[in-house]
Amino acid sequence: MFRRLNADEIECRVQSNKDNGCILLLYKNARCDMNILDETVGQMNWQRDHKELKGAMYAGVGIYDTERGSWVWKWDCGTESNTDAQKGEASDSFKRACVNWGIGRELYTAPFIWINRNDYEVIDKTNRCKDAFRVGEIGYDDAGNISYLTIFNKRSDKKVYSYSTGKKETPIKGYPSRDVMVKCARDHYPGDLISVLLETFGIEKIEDATDAQLASVWNKYGK
């Protein structure tokens, strides 16, 4: 099972501009998919392929199943980008194939994201947004749906959007967010070594660790 995306792995894109604001979409890039594949199944245990079918570019992601002793493939097609049609189509099809495996599928549960006009600057004589945005924090419920989300204007560092279903975990005072502490644990227990930490904590995956458990790892490696 692939883990859910961390806040710093999610990017924001302006979908449309209005006189009084703009609409944002959340997305992941291909490098994020590659990193998560490497992290989860290992660099030597996945591969990608591209094929053209009836004028459409398809990408396949194959993962080696050790129990079956064979490769399992999942495919999807992509769309062209505005800047580089061929490269954009290949990248988009790869990202969609990764969604078939479950990587970043939680982004489809994102709420409607509206940014008010007074929270960003526009390009002269147009309504087009001039600023860029970043995800500050993100949280998920037990079903993997987005339950908490904050977005900041990169230029002003102002929080411009907030969403919550009331299920956000409050970080321990004096410690960073859970996402940061989970990343710290993964960085210092790479590959199979993470299993040692999971066994110590009595959990199946590091995302199930309590705040106190993550804080103990942060105390040792995060400072």
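Residues numbered from 1 in each chain as written. Predicted model: local features only at pLDDT ≥ 70, side-chain atom pairs only at ≥ 80, totals over all residues. Heavy atoms only, no water.

### Section: the overall build of the protein chain
Check the secondary structure of the protein chain and you find five helices and nine strands. Listing every helix and strand of the protein chain by position from the N terminus yields β-β-α-β-β-β-α-β-β-β-β-α-α-α. The burial tally for the protein chain puts 40% of its 223 residues in the buried class. The average position of the 33 basic charges and that of the 34 acidic charges among the side chains of the protein chain differ by 4 Å. (Helix = DSSP H or I, 4+ residues; strand = E, 2+ residues; numbered from the N terminus. Buried < 20%, exposed > 50% of the residue type's maximum accessible area, 1.4 Å probe, protein only. Lys, Arg positive; Asp, Glu negative; His and termini not counted. Charge placed at Lys NZ, Arg CZ, Asp CG, Glu CD.)

### So, helix 4 (residues 194–201)
Looking at helix 4, one finds that the buried residues are Ile194, Leu197, Leu198 and Phe201. The arc enclosing the buried residues of helix 4, seen along the axis, measures out at 100 degrees, which places them on a common side. Residues of helix 4 that are exposed and point over 90 degrees away from its buried face: Glu199 and Thr200. In the core, the buried residues of helix 4 are packed alongside helix 3 (178–188) and helix 5 (211–221). Just beyond helix 4, the residue with positive phi is Gly202, at close to 70 degrees. (Arc of directions from axis to C-beta. Contact = heavy atoms within 4.5 Å.)

### Section: the side chain of Glu9
Relative to the elements of secondary structure, Glu9 occurs in the segment before strand 1 (11–18). At 2.7 Å, the side chain of Glu9 and the side chain of Arg3 are in polar contact. If near-sequence neighbours (up to four positions away) are discounted, Glu9 is found in contact with Arg3, Tyr27, Lys28, Cys32 and Ile36. (Polar contact = N/O pair within 3.5 Å; in protein donor to acceptor, adjacent residues only side chain to side chain.)

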